Amino acid sequence: MSETQPRRSTVPENPTRLVDRRPNVSAEELLEGFTPSERFGEVSFDTYIPDPQQPSQSQAVEALKNFAQTVGGSSQGGFLSKLFGKGAKKEDKAGIYLDGGFGVGKTHLLASLFHAVPGPKAFGTFVEYTNLVGALSFRKTVEALSTYKLVCIDEFELDDPGDTVLMSRLMRELSDAGVKLAATSNTLPGSLGEGRFAAVDFKREIQVLADQFEVIRVDGEDYRHRGLPAAPQPVADGDFDRVVEQHFGESTQVAVDDFDQLIEHLSSVHPSRYRQLVAGLDGIAWRNVTTITSQAVALRFVVLADRLYDRDLPIISSGAPFDQVFTEEMMAGGYQKKYFRAVSRLTALAREGMLEGSAHQN
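Definitions and cut-offs
- Per chain, residues are indexed from 1 in the order of the written sequence.
- At least 70 in pLDDT is required for a residue's local features to be given in this predicted model, at least 80 for side-chain atom pairs to be given and counted, and no such filter applies to totals for whole chains, interfaces and linings, which use all residues.
- The side-chain figures draw on all heavy atoms in the structure; neither hydrogens nor water molecules are used.
- Helix and strand assignments follow DSSP, with helices taken as H or I runs no shorter than four residues and strands as E runs no shorter than two, numbered in order from the N terminus.
- Think of it in three bands: residues with accessible area under 20% of the maximum for their type are buried, residues over 50% are exposed, and the middle band is partly exposed, with areas taken using a 1.4 Å probe on protein chains only.
- The contact criterion used throughout is that any non-hydrogen atoms of two residues lie within 4.5 Å.
- Here, Shrake-Rupley sampling with a 1.4 Å probe gives the accessible areas, and only protein chains in the shown set may cover a residue.
- Put simply, the grid is 1 Å and covers the protein atoms alone, a cavity is a trapped set of points that fit a 1.4 Å probe, a pocket is an open set with protein on both sides within 12 Å along at least five of seven lines, and lining residues have an atom within 4 Å of a point.
- Grid points are joined across faces, edges and corners, and a volume is the space filled by probe spheres set on the points.
- Two rings from Phe, Tyr or Trp (for Trp, the six-membered ring) form a pair when their centres are within 6.5 Å of each other. A pair whose planes differ by under 30 degrees is stacked, one over 60 is edge-to-face, and the rest are tilted.
- Pairing between strands requires that DSSP locate at least two bridges from one strand to the other.
- The axes used here are C-alpha line fits, helices contributing only the stretch in contact, and every angle between their N-to-C directions lies in the interval 0 to 180 degrees.

Draft legend 1. Local environment of the overall build of the protein. Tallying secondary structure elements over the protein gives 14 helices and eight strands in all. Across the 362 residues in the protein, those meeting the buried criterion constitute 51%. In the protein, the proportion of contacts linking residues at least 24 apart, taken out of those at least 6 apart, comes to 88%. Summed over its atoms, the accessible surface of the protein is roughly 16700 Å², and 49% of this surface lies on carbon and sulfur atoms.

Draft legend 2. Geometry of empty space enclosed by the protein. Taken as a whole, this structure holds two cavities of 30 Å³ or more when the rule is applied. Considered as a void within the structure, the largest cavity measures approximately 140 Å³ in volume. Residue lining of the largest cavity: 13 residues in total, with L30, F34, E128, S272 and R275 positioned closest to the centre. Among the secondary structure elements, those contributing two or more residues to the lining of the largest cavity are α1 (27–32), α5 (126–136), α11 (274–277) and α12 (295–311). Sort the elements by how many residues they give to the lining of the largest cavity and α5 lands first, with three residues.

Draft legend 3. The packing of aromatic side chains, seen in detail. Counting across every chain of the model gives eight aromatic pairs. Between F326 and Y339, the ring centres sit 4.5 Å apart and the planes meet at 35°, which makes this aromatic pair tilted. Taken together, the residues span a long stretch of sequence, with F326 in the loop between β8 (315–319) and α13 (328–331) and Y339 in helix α14 (residues 336–361) at a distance of 13 residues. Each member of the pair F326 and Y339 is classed as buried.

Draft legend 4. Representation of the sheet that holds β8. Strand order in the open sheet formed by three strands is β6-β7-β8, with parallel pairing between adjacent strands. Only two strands of the sheet have a single partner each, and these edge strands are β6 (254–258) and β8. The mean angle between the axes of side-by-side strands here comes to 10°, regardless of whether they run parallel or antiparallel. Judged from the four bridges that link them, strand β7 (residues 283–289) and β8 form a sheet pairing that is parallel. Its bridge partner being in β8, A285 is matched across the sheet by I316. Contacts from helix α9 (residues 240–247) reach β6, β7 and β8, with the element oriented near 170° to β8.

Purely spatial values, then, with no claim about function.
Printed below as a string of C-alpha cells:
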C-alpha cells in the first residue's frame with residue numbers, strides 16, 4: 001500500500017453559513033415546491049418492501065393502488081353531490097388516511113401514490129400547507145389547490161387544535177371541489193395499542209369528511225434504526241473542524257454554523273422558506289448543539305429537521321446528542337410526536353454524516 005498523502009484542508013476560510021441566508025420566495029415558487037423531496041423523488045409501490053411480519057404494510061400498498069385508480073376520473077361535482085347525489089357510491093372515498101408509527105414507510109407510500117396518478121397534484125407536509133395558508137391566505141390557497149386532482153398531506157398533526165381545524169376546513173373545501181385527498185400521521189410507539197388514537201382524533205376534527213376517509217393502519221418498527229448501530233456520538237468541540245474536513249469531500253457544499261446563532265436566525269425566516277434555506281447544500285455542520293428550552297424555538301427547529309431530512313443532508317455536530325436537543329418536558333408534552341420524529345430523523349442524518357467520512361477515506 002502506498003503511504004497516505006497529507007490531506008489539504010477542505011473547510012473554506014469563510015464557509016457557507018445558514019445564518020447568512022435569507023431566501024425570498026414568491027407564491028408561485030411556494031406552490032411549485034409542493035412535490036416529494038429528493039429522498040422520495042423516484043419511489044414507487046414496487047420499491048416499497050413490506051415487512052413480511054407486518055401484513056398491514058402489504059395491505060396498505062394494495063389499498064393505495066386501488067385508491068390511485070379513483071384519482072383523475074371524469075366524475076367530478078364535489079363532495080356533497082357525491083355524498084348525497086343520485087349516483088353516489090359508498091366505496092368511492094374522498095380520501096385515504098395512513099395511520100402508523102415512525103419510520104414504517106408511510107411517506108414512501110404517499111409519495112408512491114403521488115407519482116402513480118396524473119396531475120395537477122400537490123405533495124407537502126401538514127406544516128407546509130399551514131405555512132402556505134399563512135403566506136397566501138386561506139381563500140387563495142383554496143383557489144389554487146381546487147384545480148388539482150390530488151392533494152397529499154404528509155404528517156397530519158393532531159396536537160395543535162387551531163391548525164387542525166384550519167386544515168380540516170381546507171380539506172372539506174377541496175373535497176367539495178372534487179379533489180382527492182391522501183394523508184398520513186404518526187402514532188407514538190407507546191400509543192399503538194390505544195385504539196388508533198390518531199385516526200379517531202382525525203375523524204372527529206374533519207367531521208363531515210369522516211365517513212369519506214378510508215383509514216389504513218400501517219404497523220412496524222422504525223426502519224431508520226432497524227438493525228443499525230447506535231447513533232454516533234457528537235464530536236468533541238476541539239475536533240470539530242478536523243472532523244468536518246475529514247468527513248466531507250472537497251467538492252461538498254457544507255453549511256457550518258454555531259448552533260445558538262442558527263436557532264436565533266430561524267426566528268427571522270418564515271418556516272415556509274426553510275426548503276429554500278437549505279437548497280444547494282450537500283451537508284450540515286453544527287458547533288456546540290445545546291438543548292432547546294423554548295417551545296416556539298423547538299417547533300421551528302422541527303420544521304428545519306424535516307427539510308434537512310427531505311434533502312437527505314448528512315450532519316456532523318458537536319455538543320449535545322440529538323436525543324437531548326429537546327427537554328424532557330417537551331418529549332412528554334403535547335407536541336411529543338413532532339419531537340420524536342425530529343430526533344429519529346436527525347439521528348439518521350447524523351449516522352449518514354459519519355458514513356460520509358468512510359466514503360471519503362476509502
